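So the chains spell out like this:
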Amino acid sequence: MPGPRLLATLCALILAVIACNLPGAGSPGASPSPPSAGEMSLVDALAVAPQDGRPEVLRLMGVPDSFTVQWQELEGRLVRWEEWSYFDAAARFEFIDGELVWTADLEPSGDGALFAHVYNPLDFEATMSIADVREALSDQALEEMPLAEVDIPDGVVLAGDQILLGFEADRLVYVQTFILSPDETAPPAVEATSAATPIVSPTVSALLVDDFGGPSPAAPLFGPEYMSFELESGEGALTSTAPGGVVPAMYAVPAMLDFALQVDVRFPQARPESIAGVVFRSDDAAGGLAHYYHLAFRPAASTIGIDIWKDGAFSAVASRAIASGVVNANGVNRLRLEAKGSRFQVYVNGTLVMDVSDSRLGEAGILGLSLVGYEPSETVYFDNLRVEALTQ
């Protein structure tokens, strides 16, 4: 949940939206941000029948890293305005009643940013009441803040994990999610005239960081007859010398249950069968691992899967083909794994490629970086590992 300073800033923004009953403060008919030459104004957009471009953006890009949704009365009708931000792609999309009306460039987020991927903007509708939203977000505690003291007697704000929702007369009028970034020490100033300004939280501490620029806390699980793990030019080089088996470089601490992991992977030798990935929710038994989940990324085949090792055998949780153009087969790919309870969401280069559930390993465990090679000697390179907690 956001801290007091961030809540105050966000509440001020919602107050402006509710009080003005416009997409941000401004004159009637103003667009959320000034369109440049060739872009439609809000009034222009309302004059044509909308074509919903959001499903295609979701298919190609996955859920936004953060988003803002507002519903406002304009020209006698209720209008839905949305801003979807993808920081890794440095792009922002703005929609009016589903129609893509303009785009903008974004500055990429800092390394280790925690995105609000648990929320889908299409899950929120203007017909939702406070009770409806509480039911939809029943897995978390939402803090309720009435706005009667600031002369909006029927206004209410709900605040949750990386999300803020505004209501007027028990009707949802505003939703905003925001990223958590370790590179910011305080939320940026937000003016009432700029409802589309991305908002970043104060610093959050990481559970584990490894940039492989110095001594790494990762250690090879097996001896040199099977594998090696070394630092090479600022990357962690994991080499398999025993084809066909999982060889992980493990982090002995901390034990984690709910977390978001992000790591860059470069696999120049990869064959279609070759796998780079992450071992997680593992035990730390001497001489091996009794159980774990394995995130298995096959860059040369453009597939990804999650398997489970339990009771001495592997079984598949799920496997997915990755859409064309997502994987950089000859370069660096950024993997992101969000594990929360029994739900696992996996992103490749900012695109959601897997959203599955499995409850067989429900305890906290350690993690590691993994390789399954299919040549006598194959090496995969890891960089910019960051792991942060996901809390209720």
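Definitions and cut-offs
- Residues numbered from 1 in each chain as written.
- Predicted model: local features only at pLDDT ≥ 70, side-chain atom pairs only at ≥ 80, totals over all residues.
- Heavy atoms only, no water.
- Helix = DSSP H or I, 4+ residues; strand = E, 2+ residues; numbered from the N terminus.
- Contact = heavy atoms within 4.5 Å.
- Areas by Shrake-Rupley, 256 points an atom, 1.4 Å probe, with all protein chains shown as cover.
- Pairing = 2+ DSSP bridges.
- Axes fitted to C-alpha atoms, helices over the stretch in contact; angles between N-to-C directions.
- pLDDT = per-residue confidence, 0-100.
- Salt bridge = Lys/Arg side-chain N within 4 Å of Asp/Glu carboxyl O.
- Buried < 20%, exposed > 50% of the residue type's maximum accessible area, 1.4 Å probe, protein only.

## Observations regarding the overall build of the protein
Across its full length, the protein holds four helices and 23 strands. Restricting the contact set of the protein to residue pairs at least 6 apart, pairs at least 24 apart contribute 62%. For the protein, the accessible area works out to roughly 16,200 Å², and carbon and sulfur atoms hold 52% of it.

## Focus: the sheet that holds strand S6 (residues 155-160)
The sheet built from eight strands is open, its strands ordered S4-S3-S2-S1-S8-S7-S6-S5 with antiparallel pairing. Each edge of the open sheet carries a strand with a single partner, namely strand S4 (99-105) and strand S5 (143-146). If you compare each strand with its neighbour and ignore which way they point, the axes differ by 20° on average. Sheet topology places strand S7 (residues 163-168) next to strand S8 (residues 171-177); six bridges connect them, and they run antiparallel. Paired with Leu164 across the strands is Gln176, a residue of S8. In the packing of helix H3 (residues 54-61) onto the sheet, contacts are made with strand S2 (77-86) and strand S3 (91-96), and the angle to S2 comes to roughly 15°.

## Remarks on the confidence of the model for the protein
Regions with low pLDDT carry predicted coordinates that are not meant to be interpreted in detail. Mean pLDDT for the protein: 80, with 78% of residues reaching 70 or above. When the criterion is pLDDT under 50, residues 15-39 qualifies, and its contacts beyond four places in sequence or with other chains add up to 50 contacts. Throughout residues 183-204 the model reports pLDDT below 50, and contacts reaching past four residues in sequence, or to other chains, amount to 60 contacts.

## A short note on the pattern of salt bridges
Per the stated rule, a full pass over the model turns up 18 salt bridges. In this structure, Asp264 and Arg334 form a salt bridge, with 2.8 Å as the shortest nitrogen-oxygen distance. Note that Asp264 is positioned in strand S14 (residues 259-266) and Arg334 in strand S19 (residues 332-340), a separation of 70 residues in sequence. As far as the burial class goes, Asp264 and Arg334 line up, both buried. Between Glu273 and Arg271 there is a salt bridge, and its shortest N-O distance comes to 3.6 Å. Accessibility expressed as a relative area gives 35% for Glu273, which makes it partly exposed. Among the ionic contacts, a cluster of salt bridges with common partners joins Asp52, Arg54, Arg80, Glu82 and Glu125.

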